[in-house]
Amino acid sequence: MSFEIDLSGRCALVTGAGQHIGRAIALALAQTGAKVAVNDIVAERAASVVDEIQQAGGQGVAAVFDVTNPTDVKQSIENLAPDVLVNNVGNTGAGNPPGETIMPFSHFTKSDPAEWNAMFAVNLFGVLNCTHAAVPAMTERNWGRVITIISDAARVPERRMATYAAAKAGAAGFSRALAAEVGRMGITVNCVSLGTIESEHVQKAREESPDAERDRKLLRAYLAPRLGRPEDPASLVVFLASPLADWITGQTYPVNGGYSTAL
Ligand SMILES: NC(=O)c1ccc[n+]([C@@H]2O[C@H](COP(=O)([O-])OP(=O)(O)OC[C@H]3O[C@@H](n4cnc5c(N)ncnc54)[C@H](O)[C@@H]3O)[C@@H](O)[C@H]2O)c1
């Protein structure tokens, strides 16, 4: 017996897919034969991932828009009419240049309420904007997938993450409620919750405070003793996007090396 995931004839839109986790998800979806719309606010990033997809023999198209701008989102997504929407854009915060994330986030009591908007605009309203624009075409087809990337910061108490956690938990609550509204229209809605994934930020923090114990302390929280790789969530996203996951909806699945566990 063998499993095969074939999404040829489907269009999958991945937001924030110009680098890192979104890029890995876009490349994995392209391997299933889906046409992949690579969204990013930074045009060069989207173009570079489209190029990678095409070099590998897949179908990719750039979709450059800002997920926080409802007018641009509506126009672009209605044109694409994706069968699969992966809401991957996230992180970022107030004062960051478009497409950049400056860590660390701040202690809640020290944060300025004016900073909260940026966190919610990207991590929650971006999800709402894209989903609102994508679901009508899915409903007409009686088939669709909405998959949203959240963070274990929304599931586990963590310092300096309060507004980020609130926005990500909001996206998870939204997804569960939406699953109830669209389940009878052949649309599934799920979240994938991530632990820390290796990135330039993690590497930079390592270089800025070289502490032999630092990684060891960080990894103590992980049952599988390594940080994640961008490819780790990609295979679960492909599975949730596939017909194999027809009866899975309204759920949040952790891909976190065992950072948090639940019955
Ligand atoms: N990196 C981690 O360790 C980690 C952990 C838990 C959850 N997550 C979540 O995983 C997702 C991906 O994270 P990442 O680390 O790959 O992100 P990243 O910051 O490396 O990449 C995000 C991409 O989104 C683009 N982008 C930013 N704002 C945008 C906007 N308004 N519209 C369109 N594109 C925009 C950026 O240009 C960038 O290419 C996010 O939802 C994040 O919250 C990441």
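The structure we're discussing is the one just above.
Let me sum up the structure you'll find in this document. (Residues numbered from 1 in each chain as written. Predicted model: local features only at pLDDT ≥ 70, side-chain atom pairs only at ≥ 80, totals over all residues. Heavy atoms only, no water.)

1. Comments concerning the packing of helix α1 (residues 20–30) against helix α2 (residues 43–55)
Turning to step 1, where the next piece is worked out: Relative to each other, α1 and α2 sit at 30°, their axes nearing to 10 Å. In this view, α1 runs roughly parallel relative to α2, as classed from their interaxial angle. Here the hand of the crossing between α1 and α2 comes out right-handed. Taking contact as the criterion, the partners of R23, A26, L27 and A30 in α1 are, on α2, V49, E52 and I53.
Turning to step 2, where the next piece is worked out: A per-class count over the contact of α1 with α2 returns five nonpolar, no polar and two charged. (Axes fitted to C-alpha atoms, helices over the stretch in contact; angles between N-to-C directions. Helix = DSSP H or I, 4+ residues; strand = E, 2+ residues; numbered from the N terminus. Parallel < 35°, antiparallel > 145°, perpendicular 65-115°, else oblique. Left-handed = near helix turned anticlockwise from the far one by under 90°. Contact = heavy atoms within 4.5 Å. Nonpolar A, V, L, I, M, F, W, Y, C, P; charged D, E, K, R; others polar.)

2. Re the site of the ligand
Turning to step 1, where the next piece is worked out: Close to the ligand lie 27 residues; D40, R45, N88, Y164 and K168 are nearest.
Turning to step 2, where the next piece is worked out: The contact in question runs from an oxygen atom of the ligand to an N or O atom on the side chain of D40, over 2.5 Å.
Turning to step 3, where the next piece is worked out: The side chain of K168 places a nitrogen or oxygen atom 2.8 Å from an oxygen atom of the ligand.
Turning to step 4, where the next piece is worked out: Burial of the ligand by the protein amounts to 93% of the accessible area it has alone, namely 840 Å².
Turning to step 5, where the next piece is worked out: Listing elements by their share of the shell around the ligand, those giving two or more residues are α1, β2 (35–40), β5 (144–151) and α5 (162–182).
Turning to step 6, where the next piece is worked out: For the shell around the ligand, the residue count by class is eleven nonpolar, twelve polar and four charged. (Near = heavy atom within 4 Å. Polar contact = N/O pair within 3.5 Å; in protein donor to acceptor, adjacent residues only side chain to side chain. Areas by Shrake-Rupley, 256 points an atom, 1.4 Å probe, with all protein chains shown as cover.)

3. Quick word on the nonpolar core
Turning to step 1, where the next piece is worked out: Counting 33 residues, the largest nonpolar core has I25, L29 and V38 as the members making the most contacts within it.
Turning to step 2, where the next piece is worked out: Among the elements of the structure, β1 (11–14), α1, β2, α2, β4 (84–87), β5, β6 (187–194) and α8 (231–241) are those that each provide at least two residues to this core.
Turning to step 3, where the next piece is worked out: Leaving out residues up to four positions away in the same chain, V38 has contacts with V14, A17, G18, A26, A46, V49, V50, I53, V61, A62 and A63.
Turning to step 4, where the next piece is worked out: Of all hydrophobic cores here, the second largest spans 20 residues; its members include A63, V67, L85 and L178. (Core = buried A, V, L, I, M, F, W, Y, C linked by side-chain atoms within 4.5 Å. Buried < 20%, exposed > 50% of the residue type's maximum accessible area, 1.4 Å probe, protein only.)

4. Here's the deal with unusual backbone geometry
Turning to step 1, where the next piece is worked out: Non-glycine residue H20 carries a positive phi angle of around 55°.
Turning to step 2, where the next piece is worked out: Within the fold, H20 resides in helix α1.
Turning to step 3, where the next piece is worked out: The exposure class of H20 is partly exposed, given its relative accessible area of 27%.
Turning to step 4, where the next piece is worked out: Its identity as a non-glycine residue notwithstanding, A81 has a phi of 45°, on the positive side.
Turning to step 5, where the next piece is worked out: Structurally, A81 is set in the loop between α3 (70–80) and β4.
Turning to step 6, where the next piece is worked out: With a relative accessible area of 22%, A81 lands in the partly exposed category.

5. A few points about the environment of S106
Turning to step 1, where the next piece is worked out: Structurally, the position occupied by S106 is in the loop between β4 and α4 (113–141).
Turning to step 2, where the next piece is worked out: The exposure class assigned to S106 is partly exposed, which follows from its relative accessible area of 34%.
Turning to step 3, where the next piece is worked out: For the pair S106 and K204, spaced 98 residues apart in sequence, the C-alpha to C-alpha distance is 18 Å.
Turning to step 4, where the next piece is worked out: Sequence-distant contacts of S106, that is, excluding residues within four places in its chain, are made with S111, E115 and R160.

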